[in-house]
Amino acid sequence: MIFLHLALVERNLFVWGETEAGEHAHWPYALDQQRLLEVLARISVRSAQLHTLNAKFPVHRGKAIPSSTIFGEFVKDGATLSEWTIPAAKIPRGIATEFLQIDESKIDDGLFYGDDVLYWSQALRFVKRLMFHQKFLPWLFENGEAGWIPVLTGEDLVHFQELARSMPPFIRAFGDGISSEHLLHEFVASFLNQNIREGTESSQSRSTPPDRWLAALQQPDGRMEGKSEEILALRNAVRSWAEPLLLLANFKYRVAFRLEEPTAKKDYWYVRYFLQRHDDPSLMIPASHLWKQKKSSRQVLKEDFERSKQILLTELAQAGRIDPYIQMSLHREAPEGYRTDSKGAWEFLDTKAWILQDVGYGVLLPSWWARKKGIFTHRLGLKAKAKSSTPKAFAGVGSEVLVEFDWKFAIGDQEITYKELMALARLKQPLVKFRGRWIAIRPEEIASAMEFWKSREKESGSLFDLLKLGMGTEQIGELPVQGVEAEGWVADFLLNFREHSKYVLIPVPDSFQGELRPYQQRGLSWLYFMKTFGIGACLADDMGLGKTVQTIALLLKDAGETPATLPVLIVCPTSVVGNWQRELSRFAPSLNVEVHHGLTRKKGDEFKKMVKRTNVVISSYALLLRDFETMRDIQWRAVILDEAQNIKNAETKQARAARSLQADYRAALTGTPMENNVGEVWSLMEFLNRGLLGSKTEFTKKYFVPIHKYGSTETMEELKRITSPFVLRRLKSDPEVISDLPKKLEMKVFCNLTKEQASLYAAVVRELESEIDKLEGIERKGKVLAAITRLKQICNHPAHFLRDGSPLQGRSGKLARLTEMLEEVLELNERSLLFTQFSEMGELLHAHLQNYFGKEAAFLHGGVVRKKREEMVERFHLEEGGPPFFVLSLKAGGTGLNLTGANHVFHFDRWWNPAVEDQATDRAYRIGQKKNVQVHKFVCVGTLEERIDQILETKKQLADNVIGTGEAWLTELSTSEIKSLITLGKDAVAV
């Protein structure tokens, strides 16, 4: 495992690497120069020059401490600094810019970015923000170098200070006494200069000192030509020119503008000037207090009082370029604000206010004015009254049922008549007081209203059209749709759709072989409601809450109502194909289920014939893409995506394939509906309900850019409001769920073998079968136990069986499924215990978890001394910074430990002794555990693991009385029983 780091030393940038401790002449965790160059080549970092750096890194009792606990011991206190030499590679600033884009797709397994790289990436985004808002000035330094300096004022200054405070300590290891503020300023200034110089064209004229200065500003080195006295005079002139703007540096206030509406005493609008504190926006000092020398304002501003007046006038002069009325007010001796009429107030509201705000001024507008996505409070719009002649009790009509709309004009929540609208239009004022409230009337809206009145008084549409109109995001011409009212069953439908708790609970189908908990029955009822109206639904319950069984109950309910229905397609990761097959067999034995996988799977016409006599087809994402030509020609009753985060990238072929399938209704199951960005929401919703969020281009412009580029919380809330009715998300911490859950919930996780595992498994089986008939007594028992152990090792991972140190990724169905499940556990910020009876497998799991996730994992085995064991347990329980994974060998960690910091227990391989497994689980499930414990027991399909599990399930007395010492009882089975036990099943491998 390798962590890459980035150091800033005297404005030069150096990449260095950190890995496991070795025999180095320098810092023991340093990556040597040759390997560093190889790593940089892997991620396309070019033009690197080898160097060495001197650094002061911490030591404890003479032992070096790495930057990550993955590589070394946890140290509470007592560390000191020591000087070290580390290999590094100097990289050009342009290459560093590419390096700091943090493209995870370039990073190989076992290669990660250090905290300092992530920090400098944040700092680079800060530089881009300064450039976007043009917060920089040209400068001439004392050494005669021309360059650019950042202007840190207001929110930018606060952001800069927060960034400096959060600087990882290892960044300051490369210099004596360098403050975080100084280092960050060096970085910002350096990258600011580079980016600005790259975006300007070289000046040709160099006849005068100012011309030469402008030319130097565009040169890479910034060197200015000329006599020293000329440069000195120019530097003084530049300082005088920039002084008004530099006055703002470190000033804690900004200029703010407040629009005040007319009152009974004054019939005009007024824009008033203030100073507003950055870190406490409620603290506002009127400009009039400054001119009148108010004592209260003097006490607040203290030594900044006189300076604040100069800054106020300077900032008002700048704002005057945006609003000419501000400029005109400066002709008065003590400007406090300016008067305006309704037209001027409208211009301020509609245009000037957001421009002033965008460049950094404070703006306060009346409470009745709320600009959001171009929709204003009390703005002219449309309301629809919806009804349908279709009776409520219908089946199969879905979202295509016809709904009639009766349209009305509205301002805010009040309906108005056409006569009232025309009266308002005749006033020809952009702001009008109507029924005691100020409203905005724009000419283009009046024109749209008149056109609509003539041609679109009534309209009809689908149920899906009704849903989109009801979300308040649609416009008809220039008129926003401000709401939908309904009557009859349509009103009931909208209420049930908007509020998940309002729909009627349906009974669990009689054909369902099991019981649903109350929250699961509510999930079934919601899925059924959405299915009935043909609306795509996403069941996003936490892992372990039973998304699979709720879906199976839905399939049985649907099949019971429409016996001659079309087949259902379930698409899932290869690692859970076997799990779906077992769960359907267990809970819905009446359904005819086919698993579409393997080299012998049916294709083309044979596949089409097969699905006609099938209720449910289970396939994988890999085969959805591979056999898409066959699957897309079939009209499916439903397409259900399990682990639907597999289509989060809308541009992938498998996401496009899933969207192209034909189905009466669609459903998606996932514990993480959004992992990285809101683009994943579009992909999921486009699969479920095509067109809900517009085209990808429209979505990017309307939601993705405002949320990810500008951090718009309003836009994020709007997106959540639109999509939440289509998603049912229950957490284990929800009161209505937690009361229904047991304290310990156990579940089987069925996995498939890879081809490599199956080949190794078959070879061991052949060897045992060829010898077992010839053996007797102790020799026979030993041979059987050895074979069973080897088969279990193969089920775990080929590398566990072969012991050859070969790579782990992509070779084990168990490991693949474990990784998928742990990703979801990490998403929930929860912790896990992972038990294995083999220390060797524990080592492999420990290495894999740290390499794959880039996070610390503890590993307890029989060779760990008591003190180290206690430190592991203590560290695991840390609220901040503790490892999310604890790997334990069953013998070393099965008893005597309190590990209530975890609420997930994974039994990666089975001991086949329920008492031993329960003791291990009780490391987390014990007094002090505040969360519900999820226990996951892994079983490989079609192997001895599944057959032994079946024996334990069907012969409880055997499990309780006979099975007491691992696999020893298996040696007492007859030869035919052993052969039947170990034979490789046809469904063991999923393709």
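Residues numbered from 1 in each chain as written. Predicted model: local features only at pLDDT ≥ 70, side-chain atom pairs only at ≥ 80, totals over all residues. Heavy atoms only, no water.

**Concerning the confidence of the model for the protein chain**
Part 1 of the argument: Summing up the model confidence of the protein chain, the mean pLDDT is 82 and the portion of residues at 70 or higher is 86%.
Part 2 of the argument: Averaged pLDDT values for the elements of the protein chain fall to 42 in helix H37 (residues 956-961) and rise to 96 in strand E12 (residues 337-340).
Part 3 of the argument: Note that pLDDT drops below 50 for residues 372-376; the model gives that stretch 15 contacts with residues more than four away or on any other chain.
Part 4 of the argument: Low confidence marks residues 393-397, where pLDDT is under 50. Its contacts with residues over four positions away, or in another chain, come to three contacts. (pLDDT = per-residue confidence, 0-100. Helix = DSSP H or I, 4+ residues; strand = E, 2+ residues; numbered from the N terminus. Contact = heavy atoms within 4.5 Å.)

**Quick word on the sheet that holds strand E1 (residues 2-9)**
Part 1 of the argument: The strand order across the open sheet built from six strands is E4-E3-E5-E2-E1-E6, with neighbouring strands paired in mixed fashion. At either end of the open sheet lies a strand with only one pairing partner, and these are strand E4 (63-64) and strand E6 (111-113).
Part 2 of the argument: Bridge count for E1 against strand E2 (residues 12-18) is seven bridges, and the pairing is antiparallel. Counterpart to Ala-7 in the pairing with E2 is Phe-14. (Pairing = 2+ DSSP bridges.)

**Things to note about the environment of Gln-850**
Part 1 of the argument: Within the fold, Gln-850 resides in helix H32 (residues 839-853).
Part 2 of the argument: With a relative accessible area of 8%, Gln-850 lands in the buried category.
Part 3 of the argument: The sequence separation of Gln-850 and Gly-110 amounts to 740 residues, and the corresponding C-alpha distance is 7.9 Å.
Part 4 of the argument: If sequence neighbours within four positions are ignored, Gln-850 has contacts with Met-1, Ile-70, Phe-112, Lys-855, Glu-856 and Ala-857. (Buried < 20%, exposed > 50% of the residue type's maximum accessible area, 1.4 Å probe, protein only.)

**Things to note about the pairing of E2**
Part 1 of the argument: With six of its seven residues buried, E2 lies for the most part within the structure.
Part 2 of the argument: Hairpin connection of E1 to E2: two residues between the antiparallel strands, including Glu-10 at a positive phi of 50°.
Part 3 of the argument: As paired strands, E2 and strand E5 (residues 80-91) are joined by three bridges and run antiparallel to one another. Bridging from a neighbouring strand, Val-15 pairs with Ala-89 of E5.

**Some points on empty space enclosed by the protein**
Part 1 of the argument: In this structure the tally under the stated criterion is four cavities of 30 Å³ or more.
Part 2 of the argument: Tallied by class, the residues present in the lining of the second largest cavity amount to seven nonpolar, two polar and one charged. (1 Å grid on protein atoms, 1.4 Å probe; cavity = no way out; pocket = protein on both sides within 12 Å on 5 of 7 lines; lining within 4 Å. Points joined across faces, edges and corners; volume = space filled by probe spheres on them. Nonpolar A, V, L, I, M, F, W, Y, C, P; charged D, E, K, R; others polar.)

**Thoughts on the pattern of salt bridges**
Part 1 of the argument: The tally for this structure, following the rule as stated, stands at 35 salt bridges.
Part 2 of the argument: Arg-272 is paired through a salt bridge with Glu-260; the nearest N and O atoms lie 2.8 Å apart. One end of the pair, Arg-272, is in strand E10 (residues 269-277); the other, Glu-260, is in strand E9 (residues 253-260), and 12 residues separate them in sequence.
Part 3 of the argument: Classification of Arg-272 as partly exposed rests on a relative accessible area of 24%.
Part 4 of the argument: Under the relative-accessibility criterion, Glu-260 is labelled buried at 14%.
Part 5 of the argument: A network of salt bridges, in which partner residues are shared, links Lys-744, Glu-746, Lys-748, Arg-910, Glu-917, Lys-937 and Asp-949. (Salt bridge = Lys/Arg side-chain N within 4 Å of Asp/Glu carboxyl O.)

**Considerations on the sheet that holds strand E30 (residues 832-836)**
Part 1 of the argument: Strand order in the open sheet formed by six strands is E29-E34-E33-E30-E32-E31, with parallel pairing between adjacent strands. Because the sheet does not close on itself, it has two edges, and the strands there are strand E29 (744-751) and strand E31 (857-860). The average undirected angle you get between the axes of adjacent strands in this sheet is 20°.
Part 2 of the argument: With four bridges joining them, E31 and strand E32 (residues 885-889) adopt parallel strand pairing. Within the sheet, the bridge partner assigned to Leu-860 lies in E32 and is Leu-888.
Part 3 of the argument: Along the sheet, helix H31 (residues 813-827) makes contact with E29, E30, E32, strand E33 (904-907) and strand E34 (933-940), crossing E34 at roughly 165°.
Part 4 of the argument: Docked against the sheet, helix H35 (residues 914-921) engages E29, E30, E33 and E34, running at close to 145° with respect to E33. (Axes fitted to C-alpha atoms, helices over the stretch in contact; angles between N-to-C directions.)

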